[in-house]
Amino acid sequence: MKKDSTKLLSGVSRRLALKSIGALGGAAAFSSIPGFTGMVHGQTDEPFRLGFQVHRTGIGAAYGRWYERTTNAAVARINSQGGIDGRPIEIIAEDDGTDPKRGAEVVEKFATQHNCDAAFGTLFSHVVIGSAPRAGELKLPYLVVSEGHHVASGILNRYTLQPCITDVKSQVQAMAPYVHDNLGKKVTMIYPDFAFGHDHRDYFSEAFARRGGTILEQIAIPPAETAFTRYFPKIPRDTEVLYHVMVGPAVLTFVKELGEFFGGSGPALFGFIDSLEAVDINSPGLEFLDGSYFWEGMPRYQQQGMLAYDAEYRDAVGVDANGASVSDARDVSTYAHMFGCWETLHFIRDIVSRAQGSSNMKQAMIEAAESVTDITESIEHPQGNKLFNGKTHQVFGHQYITRVNGGRLDAVHTTSIEDTFYPDEVDYTQQEF
Amino acid sequence: MEFGPHFLLATLEGALTAAVLALTAVGLSVVFGIMRVVNVAHGEFFMLGAVIAWFVSTTVGIHPAVGFLLALVVAPVMVGFLAIVADQLVLRRLDYDPERTIVATIGLLYCIQQVTLMTFGPDARPVIPPFNQRIALPWFELGEQGFQVTWPWGFGVTTYKLAVIMFAVIILVGLWRFLARSKFGLIMRATQLDREMALAFGIPIERVYAIVFGLGAGLAALGAVLIVPIRQAHYLMGGEPLLLSFIVVIIGGLGSIPGTIMAAILIGLSDGIISVFFSPTLAKIIATLLVAFVLVYRPQGLFGRRLP
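Residues numbered from 1 in each chain as written. Chains lettered and ligands numbered in written order. Predicted model: local features only at pLDDT ≥ 70, side-chain atom pairs only at ≥ 80, totals over all residues.

Thoughts on unusual backbone geometry
In this model, Glu147 of chain A sits at a positive phi of 80°, which is unusual for a non-glycine residue. Along the polypeptide, Glu147 of chain A turns up in the loop between strand E4 (142–143) and strand E5 (160–161). Here Glu147 of chain A falls in the buried class, since 27 other C-beta atoms lie within 10 Å of it. The phi dihedral of Tyr96 of chain B is positive, around 55°, even though this residue is not glycine. Summarising the element assignment, Tyr96 of chain B is placed in the loop between helix H3 (64–91) and helix H4 (98–119). In this structure Tyr96 of chain B comes out as partly exposed when scored by C-beta crowding, with 18 C-beta atoms within 10 Å. (Helix = DSSP H or I, 4+ residues; strand = E, 2+ residues; numbered from the N terminus. Buried ≥ 20, exposed ≤ 12 C-beta atoms within 10 Å, placed from the backbone.)

In structure tokens form, the structure reads like this:
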């Protein structure tokens, strides 16, 4: 019944709508028709309730800690500026234990118990893939900060968006030419054995082969693994570049054992910073990383004259020029990813502001998001300019390559946004609400 | 990597696993053998050992080696003491009933794990090893120019890993001598053989049980302190040693210490070798399959004796 009425309303043509408004002649009717958004603002000062699915425990805890700090900083900023047209944002945080099953339950809690207007925040791709179907069923806008290719691949639904962090497919595709031209033509890959790692395996191999390079071996490691030396003998002797990406609590062990295995010799290293997120690159045992290359979503170490709003953003989230907490230099942030939370919250402010007053806010939010294209570098979006694809619900942006140089990561290459493009694989706007 | 160095590397990795596993599993085996208690919280005592090692080594900020050596003593003692408290508060009150103690130790598992999560936090934290040099290992080949020494890529071991293996051997030999030669060892064996008769001879069974439970937990903690500079301390790290210890104890024969040590070497080495040549998942599959076969065809374990 409910579904039918929604269908009917969304089927209203512009002409018919205008006519009916003329007939009714009232602003009340105006606000009840979806699509006519942004007209009736601020008629409520109820808080905007935003469910925040956070990895407080489990293998994603380090990300969770920093995602939460960044989120709190962004919400404080938005609310101090008057919230969303007078409505403050209220964060309802729930731990998902970095577990897909728990993730789906948390989404359900947001929708049914906490009466949230939207949900956001998740990083780990298996949690997103586990939770998004439930968000779709409950018709809850679900904005993820995950990097996985799952949104743009079309396996999710119209209610799931990734508006402020790029996906693995576009990242690795932009990295492949640099690795091929500067580091070596024969690559061995080491990646975690779940959705996120499989995106690396599939799309980097594809892009690297297109450039003319060869993938010698692909070594998958379970994400909860704690010992790594036993995987390394599989690295072929003629490997020129070792491509590594690892996640979970044991990343420091992973990189240390990599260093012990090669002992100063070995191939060139190209890693995704995920292998060292929340880990000090100057930890004992990591000296061998000097001269190796990393992908970063946003450079952990402050770069001279690169990102105009970086310093202001660091101040706001409490991170120093080395990417560590201002209150504890040993508490290194997940700087390359957490900007996604800051930016997504500002994105939410914009789309909610435009959807405000609609009778079906959730649907109007998605429609407002789908109409976004350019996202301009600003304090709201400190990572850089971006281009949002409303059809695939995925954003595209610059990628950074940094090199370990005397104990810090210095930027050596910035890709263009165009480097990250690939043909659309889905058009979510064709799906019904 | 060529087969020779590859195999030797796998064996070294396996020996490291076996060394730590032997310590942990012997702890579980002693507790079962003497108390007939299946301690499901054993893995959490292991985890606590690692977490306390982190705490001690970071609090004592003189030199990593001093902090670590202190942790090597403090962590097993503290964990052992905690186990004795748990024994007095919980297990003794259940009369060491085999079924009820299983449920009680499951409860203990969650209590320890969640308290650690609430205090230590969800992050993995590193402990700096007291020393750690990489030794590149040579390989000998009979090539065209005669006998040659080569230095294969990736073929090496660290001094700390070798030290862990040696230290575990020393502790196990010491434990064996303690059980075989000391008076307390005699009392423990007497309690294991016949509880009623030991009681009749005036052995304070409950005190023996408390000390044995403490000793078992302390051994797990010791294994963890040794491995933590390689693997980091994390609140979820107790699961794998628990599973492997059960596998080892079942294969070796519940309560048989020589059997446990033999099985730890067998499982540790095969885990290392199968992991390196095939996959770590396959190593776990084979180990658990072996448990199934042992339970079907030789339920008392490879070295265990059938209970009269």
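Thoughts on the packing of helix H5 (residues 159–181) of chain B against helix H6 (residues 183–193) of chain B
Residues and elements named next belong to chain B. The contact between H5 and H6 brings their axes to 5 Å, and the two run at 75°. Looking at the two axes, H5 sits roughly perpendicular to H6. Of the residues in H6, those in contact with Phe178, Leu179, Ala180 and Arg181 of H5 are Gly185, Met188 and Arg189. Looking at the contact of H5 with H6 residue by residue, the class counts come to four nonpolar, one polar and two charged. (Axes fitted to C-alpha atoms, helices over the stretch in contact; angles between N-to-C directions. Parallel < 35°, antiparallel > 145°, perpendicular 65-115°, else oblique. Contact = placed C-beta atoms within 7 Å. Nonpolar A, V, L, I, M, F, W, Y, C, P; charged D, E, K, R; others polar.)

Some thoughts on the nonpolar core
By size, the foremost hydrophobic cluster in this structure holds 218 residues, and its most contacted members are Ala53 and Ala221 of chain B. Top contributing element to this core by residue count: helix H1 (residues 3–35) of chain B, with 19 residues. Taken domain by domain, the makeup of this core includes at least three residues from each of domain 2 (48–166 + 337–397) and domain 3 (168–296) of chain A. Ignoring any residue separated from it by four or fewer positions in sequence, one finds Ala53 of chain B in contact with Ala71, Ala75, Val127, Ala224, Val225, Val228 and Ala233 of chain B. (Core = buried A, V, L, I, M, F, W, Y, C linked by C-beta atoms within 7 Å. Domains from an automatic or database assignment.)

As for the sheet that holds strand E8 (residues 241–244) of chain A
Residues and elements named next belong to chain A. The seven strands lie next to each other as E7-E6-E8-E9-E10-E14-E15, forming an open sheet whose pairing is mixed. Looking at the sheet topology across the chains shown, the edges are occupied by strand E7 (214–221) and strand E15 (408–414). On average, each strand axis in the sheet is tilted by 25° relative to the strand beside it, whichever way the strands run. By the bridge criterion, seven bridges tie strand E6 (residues 186–192) to E7 in an arrangement that is parallel. What sits directly across from Tyr191, in E7, is Ala220. (Pairing = 2+ DSSP bridges.)

Focus on the sheet that holds strand E11 (residues 374–375) of chain A
The pairing of strands in a sheet comes from backbone hydrogen bonds and takes either a parallel or an antiparallel form. Residues and elements named next belong to chain A. The strand order E11-E12-E13 describes an open sheet built from three strands, whose pairing is antiparallel. Every other strand in the sheet has two partners, leaving E11 and strand E13 (394–397) as the edge strands with one partner each. Summarising the sheet, E11 and strand E12 (residues 386–389) pair through two bridges and their orientation is antiparallel. Across the sheet, residue Ile375 finds its bridge partner in E12, namely Lys386.

Some thoughts on helix H10 (residues 310–317) of chain A
All names here are of chain A. Buried within H10 we find Asp310, Tyr313 and Val317. Buried positions in H10, seen along its axis, are confined to an arc of 65° and lie on one side of it. Exposed residues on H10 whose side chains face more than 90 degrees from its buried face are Ala311, Glu312 and Asp315. Buried-residue contacts for H10 involve helix H4 (61–80) and helix H11 (335–355). Residue Gly318 follows H10 closely and has a positive phi angle near 75°. (Arc of directions from axis to C-beta.)

Here we look at helix H8 (residues 195–210) of chain A
Residue and element names in this part refer to chain A. The end-to-end C-alpha distance of H8, which contains 16 residues, comes to 22 Å, matching closely the 22 Å that a straight helix rising 1.5 Å per residue would cover. Here the buried face of H8 lies against helix H6 (125–137), helix H7 (168–183), E6, E7 and E8. Downstream of H8 by one or two residues, Gly212 has phi in the positive range, about 105°. (Expected span 1.5 Å × (residues − 1).)

Regarding the pairing of E8 of chain A
Residue and element names in this part refer to chain A. Here E8 shows no split at all, with Val241 and Tyr243 on one side and Leu242 and His244 on the other all buried. Relative to E8, E6 runs parallel, the two being bridged by four bridges. Note on E8: the bridge partner recorded for Thr188 is Leu242. In the sheet, E8 pairs with strand E9 (residues 268–272) via four bridges, with the strands oriented parallel. What sits directly across from Tyr243, in E9, is Phe270. A crossover connection joins E8 to the parallel E9 through helix H9 (residues 251–262); in handedness this β-α-β unit is right-handed. (Right-handed = clockwise from strand over helix to strand, strands pointing away.)

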